[in-house]
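Chain and residue survey
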Amino acid sequence: MQIRLFKKEDAEETAQVIAETLRLSNSKDYPEQYIELNIASHSADKLIEAAKERHIYVVCDSDRIIGTGGIAGYWGSLTESILLTIFVLPEYQGKGVGRKIIETLEKDEYFLRAKRIEIPASITAVEFYRKMGYDYKNGNKELGDELMYRLEKFR
């Protein structure tokens, strides 16, 4: 298994990883319409555009992309960052891939410069992120309007 920075040529396969993960893993927690809107917001074109403003990584098993994750400045802040678009194919979940993504993101310059890191966590993944040291922002355990929990970690 190898983790590396996303390249434009990875966009289509990475979008497929996100779509498959949403449809298989997140469908137990979210309605189909929500899943399909989320897939549309992570198209290959949108990933290429996002990579201009954030660092996106992909995890490869041989030549196959099996996971992805990104980090960016939080609304332009130099002291806060945000983790985004973290997905692992269902057949690789529970095998340390997500942990490897988080560990890589936590070595990225956006993480290292930040005093606070936020992550919008799905219902499906919230407990994983909590195991990785993220906790509810301001102690608020309520789902936000976008049906995500807001978690944070301080450095």
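Presented here is a report on the structure given in the accompanying data block.

The rules behind each value
Residues numbered from 1 in each chain as written. Predicted model: local features only at pLDDT ≥ 70, side-chain atom pairs only at ≥ 80, totals over all residues. Heavy atoms only, no water. Helix = DSSP H or I, 4+ residues; strand = E, 2+ residues; numbered from the N terminus. Rg over C-alpha atoms; globule rule 2.2 N^0.38 Å. Buried < 20%, exposed > 50% of the residue type's maximum accessible area, 1.4 Å probe, protein only. Contact = heavy atoms within 4.5 Å. Phe/Tyr/Trp six-rings, centres within 6.5 Å; stacked < 30°, edge-to-face > 60°. Lys NZ or Arg CZ within 6 Å of the ring centre and 35° of its normal. Pairing = 2+ DSSP bridges. Axes fitted to C-alpha atoms, helices over the stretch in contact; angles between N-to-C directions. 1 Å grid on protein atoms, 1.4 Å probe; cavity = no way out; pocket = protein on both sides within 12 Å on 5 of 7 lines; lining within 4 Å. Points joined across faces, edges and corners; volume = space filled by probe spheres on them.

Attention now moves to the overall build of the protein chain. A count of helical and extended segments in the protein chain gives six helices and seven strands. When the helices and strands of the protein chain are read in sequence order from the N terminus, they spell out β-α-α-α-β-β-β-α-α-β-α-β-β. Taking 155 residues into account, the globule formula puts the C-alpha radius of gyration at 15 Å, and the protein chain, at 15 Å, falls close to it. Reported as C-alpha extents along the three principal axes, the dimensions of the protein chain are approximately 40 × 35 × 30 Å. When each of the 155 residues of the protein chain is scored for burial, the buried share is 48%. Counting only contacts in the protein chain whose residues sit at least 6 apart along the sequence, the fraction spanning at least 24 positions is 63%.

Okay, the packing of aromatic side chains next. Each aromatic ring pair is characterised by the separation of its centres together with the angle its planes make. Inspection of every chain in the model, using the stated rule, returns three aromatic pairs. Seen from their ring centres, tyrosine 136 and tyrosine 149 are 5.8 Å apart, and the 70° between their planes marks the pair as edge-to-face. With a gap of 13 residues between them, tyrosine 136 in strand S6 (residues 135-136) and tyrosine 149 in strand S7 (residues 149-154) connect regions that are remote in the sequence. Judged by relative accessible area, which is 11%, tyrosine 136 ranks as buried. Lying across the ring of tyrosine 92, lysine 95 places its NZ or CZ 5.9 Å from the centre. When the ring centre of tyrosine 74 is taken as origin, the NZ or CZ atom of arginine 116, which lies over that ring, is 5.2 Å away.

Right, let's get into the side chain of serine 122. Counting through the fold element by element, serine 122 comes out in the loop between strand S5 (116-121) and helix H6 (126-131). Not counting residues up to four positions away in its chain, the partners in contact with serine 122 are Asn26, Tyr30, Met148 and Tyr149.

Okay, the sheet that holds S5 next. Strand order in this open sheet of seven strands is S1-S2-S3-S4-S5-S7-S6, and the pairing throughout is mixed. The open sheet is flanked by strand S1 (2-5) and S6, the only strands paired with a single partner. Taken together, the two bridges between S6 and S7 define a ladder with antiparallel strand orientation. The partner of aspartate 135 across the bridge, within S7, is glutamate 152. Contacts from helix H1 (residues 11-24) reach strand S2 (55-61), strand S3 (64-73) and strand S4 (80-88) within the one sheet, and its direction differs from that of S3 by about 95°.

Estimates place the volume of the largest pocket at around 910 Å³. Forming the walls of the largest pocket are 40 residues, and the residues nearest its centre are Thr85, Ile86, Phe87, Pro120 and Tyr129. Of all the elements in the fold, those that place two or more residues in the lining of the largest pocket are H1, helix H2 (32-40), S3, S4, helix H4 (97-105), S5 and H6.

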